[in-house]
Amino acid sequence: MNRVLIAEDLYLLRDGLVHLLQAHGFTVVAAVESGPELLKGLLELRPDVSIVDVRLPPTFTDEGLQAALAARKQLPGLPVLVLSQHVEQLYARELLADGSGGIGYLLKDRVFNAEQFVDAVRRVAAGGTAMDPEVIAKLLARNARNEPLAALTPREREVLEAMAEGRSNAAISQRLYLSESAVAKHTASIFAKLGLVPSDDDNRRVLAVLAYLNSR
Amino acid sequence: MLRRYGQVSTLLALLLVQVPMIVLMAMMLLLSFALGMVFLFPPQVMMVRKLAELNRRRMRDWADVEIEAPYLPAPPPPVPQADGMYRSERTLYKTPRVPAWNNRWKWLMSDPATWRDEVWLLLDPVVKVGLLPLLLLLPGRGLRVYARWSGLLLGATAASRLAGQVSHLRRTRNLAADSQAAEMRRIERDLHDGTQARLVAIGMTLGAVEQLVETDPNAAKALLAKAREASSETLTELRRVIRGIHPPVLAERGLADAVRALAMDSPLDVTVDVQLPHRPEAPVEAAVYFAVSELLSNAARHGDARSVVVDLSANDTGLLVTVTDDGLGGADPARGSGLTGIERRLAAFDGVLAVHSPPGGPTTVSMELPKVLPQPWTNELGKLPRWKSVTVIALWGTAWCPTFPQGLVAGVFKLFGAREKTWFLALHLPGPWQWPVIVAMILLGVYMYVMAIRIPAAHDRERFMAEAAPGKPWC
């Protein structure tokens, strides 16, 4: 569960990521710097998780994102964590579209907080999701007029945000200083209010929430 | 028919006004140049222009002939120098009156249209009298002929159109330069007040950490966390600035997806419909992106709209954008500075903006940018039509036959009195027909060769004229 591929064209950041992940017990199987190399690496090495910059040579457009999407089309559920200097709901939606999980989409700044970043990498490797808080904030802002969402209590909203980012009940309880049973109670209430079918599986639960927020 | 006669009689009745006008105009011109009463010149020119404009309008209404006014645009008002003085040539003035008058004088004097108008006024009665029989017998045709004559002296020339275009370009260039400079200032301010200041703060915090790290490691640690937070904030700030310069999603995906991304970020329910065969140039994409962005935020802020439809489509090589919302309406481009800003941005690409926003809604803003998309390859004008190319090939293939064997060779045979007739048509005919047929054959052959060359040449010329700026060959 710890073979990782890194695709990043800036040498300093690539090197930094390699060191960071090695220090946390990952094995870096490849560190590439262009789109074609990335696609080849993803398909041939099938890493447990890959960390991909959206903008890569040769075109410096969304080369990395396209390579990740193409690889996931051939190998559904291949865990990919996409990093970018900016987040777009459009990209988040494209990444989540196949509904198979194992997806992360974070701002590059999140690397600053090593622990949280490594936690996100582990989550994606395990088939979960890691969405940037900014993406979630934009999604919620879009749904501001949505009736069921407006009916949530502030606490439930916080739990929903944390859940949409991809965190487990344990992680949410730690972050919001709540007991795990309280979090479970909140999630059950949220699911009831949004009319979603509750699920014990963390990942499936997150995908249902994201699909709900994205449906509009 | 009766209406035509009414028009003709009006035209002729105008002579009663025109003739005294000519005398008056001639006197004013004489006084202003011979006696130096220059103040009479501008009103004289303006009066002639009024008459000419009246004639243009009549011809448009009566004879359906559009005559474009050829005048150069009026000079802009004088702008004071840094010291508050107005400059005209090498003289400085305290008030703008004299420089403005000088500019006006120069403008009227140097415009060829001024003098063409005067010539028209002088010759017009003569032409009317000359056309009298035609006007009375065939009023419809007579009016058309008269309209052509008017167009000859009152219409636009290639030079006047070019001059108009130059002044239009100069104005849009100034607008573009202005808005770009304003943009640069805004970016500079953002970077200076935001990003730069934050970086300085981070640097200072790190300096403090350096001093504290040995004496008070705990305080140093707290400061480091603060520095990290500040760097994160700086990045957020920088992202905002970058979005204002050129949104990354536009660079990565192009206009269609960038507008879709905008729609997703909007709190309104936005439907996007894009039908573009090609991507426009990057500056056009940016202008359209910012225009749509501005319109969406306008709809959300003022219009109390719930849903918006954004439609991007191509009209030949033009780009059409319409943004329709179901808000309260009543948007006024004269008041809203946002709309003016969009207009200014689009002006650089000859784009125009139209707002339809009745009170109570819905509001529709449409923008059109002509000639910003690449010409489609299946261009009808570019390629020779099929029947033309077949004709040209057939001509090249057969023109030799009448020219050489049936024409020249038969002629040589006839000249030297050869007995052989072989397959030469002329030699089989009775004696008096032989020479005319030989000459006709040669002429036919030469004509066929000429046509084979002329058809493609004429087509190329047509295409060239269609692509080049329009203009009349005379004057």
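Conventions we followed
- Residues numbered from 1 in each chain as written.
- Chains lettered and ligands numbered in written order.
- Predicted model: local features only at pLDDT ≥ 70, side-chain atom pairs only at ≥ 80, totals over all residues.
- Helix = DSSP H or I, 4+ residues; strand = E, 2+ residues; numbered from the N terminus.
- Rg over C-alpha atoms; globule rule 2.2 N^0.38 Å.
- Buried ≥ 20, exposed ≤ 12 C-beta atoms within 10 Å, placed from the backbone.
- Contact = placed C-beta atoms within 7 Å.
- pLDDT = per-residue confidence, 0-100.
- Domains from an automatic or database assignment.
- Nonpolar A, V, L, I, M, F, W, Y, C, P; charged D, E, K, R; others polar.
- Axes fitted to C-alpha atoms, helices over the stretch in contact; angles between N-to-C directions.
- Left-handed = near helix turned anticlockwise from the far one by under 90°.
- Core = buried A, V, L, I, M, F, W, Y, C linked by C-beta atoms within 7 Å.
- Parallel < 35°, antiparallel > 145°, perpendicular 65-115°, else oblique.

Trainee: Mind showing me how you'd approach the overall build of chain A here?
Mentor: When you go through chain A residue by residue, the secondary structure sums to 11 helices and six strands. Taking 2.2 N^0.38 as the reference for a compact globule, 216 residues should give roughly 17 Å; the C-alpha atoms of chain A span a radius of gyration of 17 Å, in line with that estimate. Its C-alpha atoms give chain A principal-axis dimensions of about 50 × 35 × 25 Å. In chain A, which comprises 216 residues, the share counted as buried stands at 43%. Long-range pairs, those at least 24 residues apart, make up 62% of the contacts in chain A between residues at least 6 apart in sequence.

Trainee: Explain the overall build of chain B to me, please; I cannot follow it from the model alone.
Mentor: The helix and strand inventory of chain B stands at 16 helices and seven strands. Against the compact-globule benchmark of 23 Å for 475 residues, chain B has a radius of gyration of 36 Å, which places it well outside the compact range. Put simply, chain B has 475 residues, and 21% of those count as buried. Expressed as a percentage of contacts within chain B between residues at least 6 apart in sequence, the contacts between residues at least 24 apart total 66%.

Trainee: Mind showing me how you'd approach the confidence of the model for chain B here?
Mentor: For any part of a model where pLDDT is low, the fine detail of the predicted coordinates should not be relied upon. Residue and element names in this part refer to chain B. When pLDDT is averaged along chain B, the result is 86, and 95% of the positions lie at 70 or above. For the stretch residues 468-475, pLDDT sits under 50, and the model shows seven contacts to residues farther than four places along the chain or on other chains. Both scores are available for the predicted complex, with the pTM at 0.73 and the ipTM at 0.87.

Trainee: Sorry if this is basic, but what is going on with the domain arrangement of chain A here?
Mentor: Quoted interface sizes are often the accessible area lost when the parts come together. Residues and elements named next belong to chain A. For chain A, the assigned domains are domain 1 (3-131) and domain 2 (136-214). Taking only C-alpha atoms, the centre of domain 1 and the centre of domain 2 are 25 Å apart. Every contact between the two is made by 11 residues of domain 1 and, on the other side, 12 residues of domain 2. Within the residue set of the side of domain 1 that touches domain 2, elements represented by two or more residues are α4 (89-96) and β6 (129-131).

Trainee: Which parts of the structure should I look at to understand the interface of chain B and chain A?
Mentor: On the side of chain A, 14 residues touch chain B, which itself brings 16 residues to the contact. Only α8 (217-245), α9 (248-253) and α10 (255-265) of chain B provide two or more residues apiece to the side of chain B that touches chain A. Of the residues that constitute the side of chain B that touches chain A, the class distribution is seven nonpolar, two polar and seven charged.

Trainee: Looking at this structure, how should I read the domain arrangement of chain B?
Mentor: Taken domain by domain, chain B comprises domain 1 (2-72 + 111-156), domain 2 (185-245), domain 3 (254-369) and domain 4 (386-467). One C-alpha centre belongs to domain 2 of chain B, the other to domain 4 of chain B, and the line joining them spans 88 Å.

Trainee: Explanation requested: the packing of helix α1 (residues 2-34) of chain B against helix α4 (residues 112-130) of chain B in the structure shown.
Mentor: A pair of packed helices is captured by two measures, namely the crossing angle of their axes and the spacing between those axes. All names here are of chain B. Two elements in contact, α1 and α4, have axes separated by 10 Å at closest approach and are oriented at 145 degrees. When the axes of α1 and α4 are compared, the crossing they make is left-handed. From α1, L11, L12, L15, Q18, V19, I22 and M25 reach across to α4, where they touch L121, L122, D124, P125 and K128. Its residues assigned to classes, the contact of α1 with α4 shows nine nonpolar, one polar and two charged.

Trainee: Can you help me understand the nonpolar core in this one?
Mentor: In summary, soluble globular proteins display a tendency toward joint burial of nonpolar side chains. Judged by nonpolar contacts, the single largest core of 58 residues is most densely connected at V52(A), L81(A), V82(A), Y105(A) and A164(A). The element that contributes the greatest number of residues to this core is helix α11 (residues 202-214) of chain A, accounting for six residues. The two domains that each donate at least three residues to this core are domain 1 (3-131) and domain 2 (136-214) of chain A. Sequence-distant contacts of V82(A), that is, excluding residues within four places in its chain, are made with V52(A), V54(A), G64(A), L65(A), A68(A), L95(A), G104(A) and Y105(A). If you look at the next biggest cluster of nonpolar residues, it comprises 37 residues, including V249(B), L262(B), V270(B) and V323(B).

Trainee: Help me understand the packing of helix α8 (residues 154-165) of chain A against α11(A) in this model?
Mentor: Residues and elements named next belong to chain A. In the contact formed by α8 and α11, the axes pass within 8 Å of each other and the chain directions differ by 105 degrees. The orientation of α8 relative to α11 falls into the category roughly perpendicular. Contacts between α8 and α11 pair L160, M163 and A164 from the former with V206, V209, L210 and L213 from the latter. Here the contact of α8 with α11 is composed, by residue class, of seven nonpolar, no polar and no charged.

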